[in-house]
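Coordinates in review
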Amino acid sequence: MVSSLDHAVDRVVKSLKETGYYDNTIIVFTTDNGGAVKMGGNNMPLRGTKGTLFEGGTRGIGFVHSPLLQKTGYTNLNLMHAVDWLPTLMSAIGKNNLATSALDGVNQWQAISNPSVAAPRNEIVYNIKERPFMAAIRMGDYKMIWGSRTVKNIWFPAKEEVLNTALCDQVKKTRTQANRTLISNAPRGMETMDVLNLNVDEDKEYEDEYDNLARMQEIDLEEQEYDNQTELDEDLDIVQSVMSLFESEKSTRMARSTREGRGKNNKKGGGGKKKGDKKKKGGSGKNKKNIPLPNNYGVIIKTWGQKMLFNLQEDPEERVDISADNPDILEKLKARAVEHFLNLQPQFTPDDTQKGNPLHWGGYWGPGWCDLHTVQD
C-alpha cells in the first residue's frame, strides 16, 4: 500500500511540474489522530492509541512540501492543532480574512515557512467531552488529563513481522515501473466495489466504550451524591474562580441559607446543635449535593475522575504523573479547562447516512453527506 501511495504521489508531482503548477503548489501530508493499534497502528514509544487522550492517540506527524516555503529540510516542533490548517493555508494563498475561516484556528504559515518566527500557539485543547466526562489540555510543556480513561491507556508494543528479504526482492522485481504505471492508469469504478471493503468503522469500538464509561460515571456520581462527597463539591472554589456566573448563584444560596437558618432559630428559640446532628464530610448541611455546571450554550457537565499532570518536554511518553508535586500548575490547567468549557457547543452527532456511498457516485465517495450545521453565537 505504501509503495503504491508513493508512486501515485510521484505521478501527481510530475504532472504538476509538467503543467507549470508546481511552483505555486503546497503539498501537505498529515493525520487526524494517532494510530489505531487494533487496525495495525504503531505509536511507540508514545502512550495510548486512537480514542485516548494520551499522546499516542492524539499526536500526529506530517510534512509540508512547497517551493513557496522560505526554508526547507528542517523539523518544526511547534504546537499545532488540526483547526490551524484552514487559516494557515488561507494565509499561504493571501486570504487571511475570509469570513468562512474557523475562528478557533491559528495561522501557522509564517512559523512553518520560516522557523525563526516565534511559535504562534502555546495552548492545545485535546478534548472536553461531557458524556462520558473527559478533558485534556496542554499549556506550554505541561499537559493535564482529567476524567475517564480506559484499558487502552498503556504502551502498546509494536507488532513487527520478521522480514523475508528473499520475498521482498521478488516482490520488487515484479513491480516494474511499466506495470505500476499501467495499473494505476486504469480508472476505478463500480467494477471495483466488490473488492473494496468500504464498510469498516474503526470508531465503533471507541463509541461503545464511551457509552460504557458514561454509564459507569452516572452510577458513581449518584453514589457520590448520596454520600455528599462529589468531586464537584471539592472543586467548587476553583470552578467559581473562572466562572463568574456561579458567583451570583453562590451569593443567592448563602443569603437564602442565612434567611432559612434565622427562621429556624426564631421558631425553635435558639441555634444550638441538636442531639444526633452530625457534621457532613466535605461540608455542612444535607443539601450539599452534586451541582451540575451549565455553560453559555446550555451544555451541562459533571466533572468526574482523577487528574494527571505530565511535563511533555521532559517526559513525552507520559510515564510520570507529577500532579502531586505541582498542585499550582494542576489547578491552573484545570481552571483553564473549565474556562474553555464555558464556550463548548452542544454535541452535533447526526445519524449515519449513505448519501456519499460510492454506490451512488460511480465507485467514489462523493458529496451529499455533509449537511449544513449552524454554530450558535
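1. Here we look at the overall build of the protein chain
Per the secondary structure count, the protein chain includes ten helices and eight strands. Of the accessible surface of the protein chain, which amounts to about 25200 Å², a share of 53% is contributed by carbon and sulfur atoms.

2. Overview of the nonpolar core
Counting residues in each nonpolar core, the largest one holds 18 residues, and the members touching the most others are Ile128, Phe133, Met144, Ile301 and Phe341. Looking at this core, the elements with two or more residues in it are strand S4 (133-139), strand S5 (142-147) and helix H10 (327-341). Apart from residues lying up to four places away in sequence, isoleucine 128 is in contact with Met134, Ala135, Ile301, Ala337, His340, Phe341 and Leu344. Leu79, Tyr126, Met308 and Phe310 belong to the second-largest nonpolar core, a separate cluster that totals eleven residues.

3. Comments concerning the sheet that holds S4
Paired through their backbone hydrogen bonds, the strands of a sheet run either parallel or antiparallel. Judged by pairing direction, the sheet is antiparallel, and its four strands sit side by side in the order S3-S4-S5-S8 without closing on themselves. Of all strands in the sheet, those bounded by a partner on one side alone are strand S3 (123-130) and strand S8 (307-311). Across the sheet, the mean angle separating the axes of adjacent strands is 10 degrees when strand polarity is ignored. Bridge count between S4 and S5: six bridges; the pairing is antiparallel. Residue pairing for S5: alanine 136 is matched across the bridge by isoleucine 145.

4. Focus: the side chain of asparagine 295
Tracing the chain through its elements places asparagine 295 in the loop between strand S6 (293-294) and strand S7 (300-301). Within the structure, the side chain of asparagine 295 is placed 2.9 Å from the backbone nitrogen of valine 299, a separation counted as a polar contact. Engagement of the side chain of asparagine 295 in a polar contact is seen with the backbone oxygen of leucine 342, the distance being 3.5 Å. If we ignore the near neighbours within four places in the chain, the residues touching asparagine 295 are Phe341, Leu342, Asn343 and Leu344.

5. Side note on the packing of aromatic side chains
Taken as a whole and judged by the stated rule, the model has three aromatic pairs. For the pair phenylalanine 29 and phenylalanine 63, a centre-to-centre distance of 5.2 Å together with 5 degrees between the ring planes defines the contact as stacked. Linking phenylalanine 29 in strand S1 (residues 27-29) with phenylalanine 63 in strand S2 (residues 63-65), this pair joins segments that are 34 residues apart in sequence. The exposure class of phenylalanine 29 is partly exposed, given its relative accessible area of 31%. Consider the rings of phenylalanine 133 and tryptophan 146, whose centres lie 5.1 Å apart with planes at 80 degrees: the pair is edge-to-face. Of this pair, phenylalanine 133 sits in strand S4 while tryptophan 146 sits in strand S5, placing them 13 residues apart in sequence. Since its relative accessible area comes to 2%, tryptophan 146 is described here as buried. Lying over the aromatic face of tyrosine 74, lysine 71 brings its terminal NZ or CZ to 5.8 Å of the ring centre.

Conventions used here
Residues numbered from 1 in each chain as written. Predicted model: local features only at pLDDT ≥ 70, side-chain atom pairs only at ≥ 80, totals over all residues. Heavy atoms only, no water. Helix = DSSP H or I, 4+ residues; strand = E, 2+ residues; numbered from the N terminus. Areas by Shrake-Rupley, 256 points an atom, 1.4 Å probe, with all protein chains shown as cover. Core = buried A, V, L, I, M, F, W, Y, C linked by side-chain atoms within 4.5 Å. Buried < 20%, exposed > 50% of the residue type's maximum accessible area, 1.4 Å probe, protein only. Contact = heavy atoms within 4.5 Å. Pairing = 2+ DSSP bridges. Axes fitted to C-alpha atoms, helices over the stretch in contact; angles between N-to-C directions. Polar contact = N/O pair within 3.5 Å; in protein donor to acceptor, adjacent residues only side chain to side chain. Phe/Tyr/Trp six-rings, centres within 6.5 Å; stacked < 30°, edge-to-face > 60°. Lys NZ or Arg CZ within 6 Å of the ring centre and 35° of its normal.

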